[in-house]
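Understanding the architecture of this molecule
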Amino acid sequence: MLFVRKNVVIATFVLIFLVYILFHRLPPGADVSNTEKVEAQSTKTDPVVEETVHWKHHPDNYPVSSYIPLPTGNAPAIPKIQYDFPRESAADRKEREHRQAAVKKAFQHAWNGYKEHAWLKDELVPITGLWRNTFSGWAATLVDTLDSLIIMGLDDDFEQALAALDKIDFTTTHDTQLNVFETTIRYVGGFLGAYDLSGGKHPILLQKAQQLGEMLYKAFDTPNRMPQSRWDWMRSAVGLDIRPSRNTLLAELGSLSMEFTRLTQLTGDPKFFDAVQRVTNVLEDHQKTTRIPGLWPVMVDAQHLDFSDRRFTMGGMADSTYEYLPKEYLLLGGRLQQYKNMYQAAMDQINNKLLYRPMTKNGEDVLIAGNTQVSVSTRIGLEPQAQHLTCFIGGMVGIGARIFDRPEELATARKLTDGCIWAYDSMPTGVMPEIFYTSVCSHKEDCDWDEMKWYHDIRRHFSFGGTESDEEAAVEAKKLIEEHGLQPGITEVKDSRYILRPEAIESVFIMYRITGDKKYQDAAWRMFQSIDNLSKTDIANAGITDVRSRQTGKSDKMESFWLAETLKYFYLVFSEPDVVSLDEYVL
């Protein structure tokens, strides 16, 4: 996503449906323990249903007495983010444009595959040429990719996508629950990003964003105005009440602010900003009362506003709540210091509790954001787990270092981004896995390679008990290294997949724009070539099942973010610096 800164239901069915809701569905606010995405079966035909429920607006069950307005007044001067790039040489331009053309060619290959095999469906199945509806059947890939089409100058494709929008019926879906977070970032964010990037020339984009915003706003219609993140939309469609879940992922609670804020900025309707600002105020109120003051835990009881979970991470289930703090500050023009204060409080603890230096064979001075869990005795221990999802943090810290005048953290941002580049380069395929574990340096500033320590760390990680000699440890560790395809410094690859994720290249792009260091363009090129070579199919691109092996298989899935984010960032890192400048846009 990208933003500029600055029916009627038949009466008989209603009665039947009300009875079904009251007696056969989960009660409002019931916990949803399975937090993983559920994929629809690959098929060429829509599911057969006897009745279709369409969205109908009802008065709020818990109306707001007055709306929190957008902040006004003079905006503070926000420091410049981007590097002052000098004029490039002819040789540099030729190389950059060659790389950019390769990325665009890969994009067109995957986009054409989507158009031919999955048009107006959520996802292309890139090996068998089928499709999946995994996000309500509203053409997630099409909507999510609109701004990429604009950025790459694919005007005919963009016009074709615009013409298709009227064929999407956002008033109904076969999904009994809507994931509010996913719907917001892929659809509302997709529409708003394209609307802003096209200069507001296409009103349908804002109209569709507002239509979905009006619908999603009802997910906030709860007694405490916290959203029901896995929204039982059919209850709201017939006027019944809902409750927020007692098991809400932090990311789902705190990652709606940018899209809803931009809706208010563009439409003038205050309710969208009001909805997300109430969530922000709750997060601020509880930030200093969690088990690690300054950080929020992975899971939140949004019904009772309980933040007592013991798990903390910058990775999956929490990531974008932190990511949105500096971005929301930028979107509001710096008029709300609350986001700066929350970011700074979080960063102090991130630096102290979550960042560590992995032990690497060549002595790379890099950082990784791990996990931690507070034990019953309140002792805090680091879990040296690296996630691809966590790779966004380098870009976040880089932007924060610039706009919040924390210059010492620019070096931290570099090391975090370099840590993800190291993870890519460490694998035989040149691609980083979803999740892996590493040996940890005792000191961030001084860390020589110690092969025996790596051997002992591997044994401990695989829970081999007892006290063994170095020789015994080496023998056992070498067996595990061979069996699990471990590279130096890595103690386990927990999830060997790469599912076409954008987080690493997003940080590489941001750090290139902030520093002007061409090593980031070179790293991006290595990453792109490795990913494209492994993932390309006759139709598009597919997920990689095992990045430890050059003979890896592929998973028959292409997430919408491959076109909407991953290839967009690869393209932008090879664009001229004024194309989507970080001083003009918030991505």
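Conventions used here
- Residues numbered from 1 in each chain as written.
- Predicted model: local features only at pLDDT ≥ 70, side-chain atom pairs only at ≥ 80, totals over all residues.
- Heavy atoms only, no water.
- UniProt positions renumbered as here; feature names shortened; annotations may be inferred.
- Buried < 20%, exposed > 50% of the residue type's maximum accessible area, 1.4 Å probe, protein only.
- Helix = DSSP H or I, 4+ residues; strand = E, 2+ residues; numbered from the N terminus.
- Contact = heavy atoms within 4.5 Å.
- Pairing = 2+ DSSP bridges.
- Axes fitted to C-alpha atoms, helices over the stretch in contact; angles between N-to-C directions.
- Salt bridge = Lys/Arg side-chain N within 4 Å of Asp/Glu carboxyl O.

What follows concerns the UniProt feature "active site" (unreviewed entry) in the protein chain. Mapped onto this numbering, the UniProt entry annotates "active site" (unreviewed entry) at E182, D319, E434 and E503. A residue is classified by how much of its surface remains accessible, and E182, at 8% relative accessible area, is buried. Within the element layout of this structure, E503 appears in helix α18 (residues 503–515). Classification of E503 as buried rests on a relative accessible area of 11%. Setting aside chain neighbours within four positions, we find E503 in contact with H388, L389, C391 and F392.

Spatially, β8-β11-β12 is the arrangement adopted by the three strands of the open sheet, whose pairing is antiparallel. The open sheet terminates on both sides in strands that have one partner only, identified here as β8 (311–313) and β12 (380–383). Between one strand axis and the next, the sheet turns through 25° on average, direction left out of account. As defined by bridge partners, strand β11 (residues 371–374) adjoins β12 across four bridges and the pair is classed as antiparallel. By the bridge assignment, N371 is partnered in β12 with E383.

Under the counting rule described, the total for this entry stands at 40 salt bridges. Put simply, K115 and D157 hold a salt bridge, and the shortest N to O gap is 2.6 Å. One end of the pair, K115, is in helix α2 (residues 90–118); the other, D157, is in helix α5 (residues 155–164), with 42 residues separating them in the sequence. For E559, the salt bridge identified is with R186, shortest N-O distance 3.5 Å. You can see E559 sitting in the loop between β17 (554–555) and α20 (561–573) and its partner R186 sitting in helix α6 (residues 180–197), a full 373 residues away along the chain. You can call E559 buried: its relative accessible area is 7%.

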